[in-house]
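Listed here are the chains, written in short residue letters.
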Amino acid sequence: MTALSSGAFTEVVSAPGALGVPVPSCPEWTVADLVRHLGEVQGWWTLALRGNGSKPNTADLSTPGPDLLSWWRQCSGEFLTTLRATPTDAPAWCWWNDAQRDTAGAVAWRQAHEAVVHLWDAQAALGAQTPIGAEVAADGVDEFVARML
């Protein structure tokens, strides 16, 4: 699901003029801010998956250059490649429990929701939102309760 949402996100934010459009569901953000955020998030989780349970060093994150969309494609591509190459039971650092440890599968689950929510944000900003599937939305409630609260 992360790959589908990330790919659809790329398509939506790549529309001519999209980057400057305000995002109603993220006050004071434009689509460019949304792209930067999701790129940083996926870049960070790439480092977490590669770290075998160690907390990522934010100094190792790439930063956007003048071509924000190229940077996004690189971050997302590296994340998806790393996610596919990492066994689901591999250890990963996380912020959502006291042990600060979980699995790559849990990271994939968390990032599936991150990607679909921000896809919806981008689609809403550009007047092209599609409903989030009922199963994904219901799973997102559990994800919110289990992770965020």
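This text follows the structure it describes.
Undergrad: Any details on the overall build of the chain? Residues and values, ideally.
TA: Across its full length, the chain holds five helices and two strands. Against the compact-globule benchmark of 15 Å for 149 residues, the chain has a radius of gyration of 15 Å, which places it among compact chains. Expressed along its principal axes, the backbone C-alpha trace of the chain runs to roughly 40 × 35 × 25 Å. Here the chain, with 149 residues, has 42% of them falling under the buried criterion. Looking at the chain alone, contacts between residues at least 24 apart form 64% of all its contacts between residues at least 6 apart. For the chain, the accessible surface area stands at approximately 7700 Å², while carbon and sulfur atoms represent 57% of it. A distance of 6 Å separates the average location of the 8 positive side-chain charges in the chain from that of its 16 negative side-chain charges.

Undergrad: I'd like a description of helix α3 (residues 68–85), backed by residues and values.
TA: Each full turn of the α-helix corresponds to 3.6 residues, which orients residues three or four apart in the same direction. For α3, which comprises 18 residues, the first-to-last C-alpha distance of 26 Å matches the rise-based estimate of 26 Å (1.5 Å per residue) to within 8%. Taken together, the buried positions of α3 are occupied by Leu-68, Leu-69, Trp-71, Trp-72, Cys-75, Ser-76, Phe-79, Leu-80, Thr-82 and Leu-83. Buried residues in α3, looked at end-on, bunch into an arc of 165°, giving them a common side. For α3, the exposed residues lying more than 90 degrees away from the buried face are Thr-81, Arg-84 and Ala-85.

Undergrad: How would you sum up the packing of helix α2 (residues 31–50) against α3? Please name residues and give values.
TA: Helix-helix packing is characterised by the crossing angle of the two axes and by the distance between the axes. Between α2 and α3, whose axes approach to 8 Å, the crossing angle comes to 30°. Relative to α3, the element α2 is oriented roughly parallel. Crossing of α2 against α3: the hand is left-handed. In this structure, α2 uses Ala-32, Val-35, Arg-36, Leu-38, Gly-39, Glu-40, Gln-42, Trp-45, Thr-46, Leu-49 and Arg-50 to contact α3, whose residues at the interface are Leu-68, Trp-71, Trp-72, Cys-75, Ser-76, Glu-78, Phe-79, Thr-82 and Leu-83.

Undergrad: Describe the nonpolar core, and please don't skip the residues or the numbers.
TA: Residues Phe-9, Val-13 and Val-35 are the most contacted members of the largest nonpolar core, which totals 18 residues. Grouped together as the second largest cluster of nonpolar side chains are 16 residues, Trp-44, Leu-49, Cys-94 and Trp-96 included.

Undergrad: Describe the packing of aromatic side chains, listing the residues and the values that go with them.
TA: Under the definition given, this model contains five aromatic pairs. When the ring of Trp-44 is compared with that of Trp-45, the centres are 4.7 Å apart and the planes differ by 85°; the resulting orientation is edge-to-face. A relative accessible area of 15% means that Trp-44 is categorised as buried. Between Trp-45 and Trp-96, the aromatic rings sit 5.6 Å apart at their centres with planes inclined by 35°, giving tilted as the arrangement. Taken together, the residues span a long stretch of sequence, with Trp-45 in helix α2 and Trp-96 in the loop between β1 (91–93) and β2 (101–103) at a distance of 51 residues. Each member of the pair Trp-45 and Trp-96 is classed as buried. Through pairs of rings, three or more aromatic residues link up here, namely Trp-44, Trp-45, Trp-93, Trp-95 and Trp-96.

Undergrad: Residues and numbers for the pattern of salt bridges, please.
TA: In the structure shown here, the tally under the stated rule is two salt bridges. Its salt-bridge partner being Arg-36, residue Asp-33 comes within 3.2 Å of it at the nearest N-O pair. You can see Asp-33 and its partner Arg-36 sitting in helix α2, three residues apart, about one turn around the helix. Given the relative accessible area of 30%, Arg-36 is considered partly exposed. Put simply, Glu-114 and Arg-110 hold a salt bridge, and the shortest N to O gap is 2.8 Å. Taken together, the positions of Glu-114 and Arg-110, both in helix α4 (residues 104–125) and four residues apart, correspond to about one turn of that helix.

Conventions adopted
Sequence order as written defines residue numbering, which begins from 1 separately in each chain. Two thresholds apply to this predicted model, a pLDDT of at least 70 for residue-level local features and 80 or more for giving and counting side-chain atom pairs, whereas whole-chain, interface and lining totals are computed over all residues. Heavy atoms from the whole structure form the basis of all side-chain values; hydrogens and water molecules are not counted. Only DSSP runs of H or I with at least four residues qualify as helices, and only runs of E with at least two residues qualify as strands; both kinds are numbered from the N terminus onward. Computation of the radius of gyration draws on C-alpha atoms alone. For the globule rule, the value is 2.2 Å times the number of residues to the power 0.38. Whether a residue is buried, partly exposed or exposed follows from its accessible area with a 1.4 Å probe, protein chains only, as a fraction of its type maximum: under 20%, in between, or over 50%, in that order. Should any heavy atoms of two residues lie within 4.5 Å, those residues are considered in contact. Residue burial considers only the protein chains on display, and all accessible areas are found by Shrake-Rupley using a 1.4 Å probe. This count recognises Lys and Arg as positive and Asp and Glu as negative, with His and chain-terminal groups excluded. All charge positions are set by atom: Lys at NZ, Arg at CZ, Asp at CG, Glu at CD. An expected span of 1.5 Å times one less than the residue number is assigned to each helix. Throughout, the arc means that of the directions going from the helix axis to the C-beta atoms. The convention used is that axes are lines fitted to C-alpha atoms, helices contributing only their stretch in contact, and that angles between N-to-C directions extend from 0 to 180 degrees. Each angle receives one of four descriptions, namely roughly parallel if under 35 degrees, roughly antiparallel if over 145, roughly perpendicular if within 65 to 115, and oblique otherwise. Working rule for handedness: look at the near helix, and if it is turned counterclockwise from the far one by less than a right angle, call the crossing left-handed; if clockwise, right-handed. Nonpolar core, defined: a set of buried Ala, Val, Leu, Ile, Met, Phe, Trp, Tyr and Cys residues in which side-chain atoms within 4.5 Å join the residues together. The aromatic pairing rule takes the rings of Phe, Tyr and Trp, using the six-membered ring of Trp, and pairs them if the centres are within 6.5 Å, calling planes under 30 degrees apart stacked, those over 60 edge-to-face and the rest tilted. Throughout this description, the term salt bridge denotes a Lys or Arg side-chain nitrogen within 4 Å of a carboxyl oxygen of Asp or Glu.

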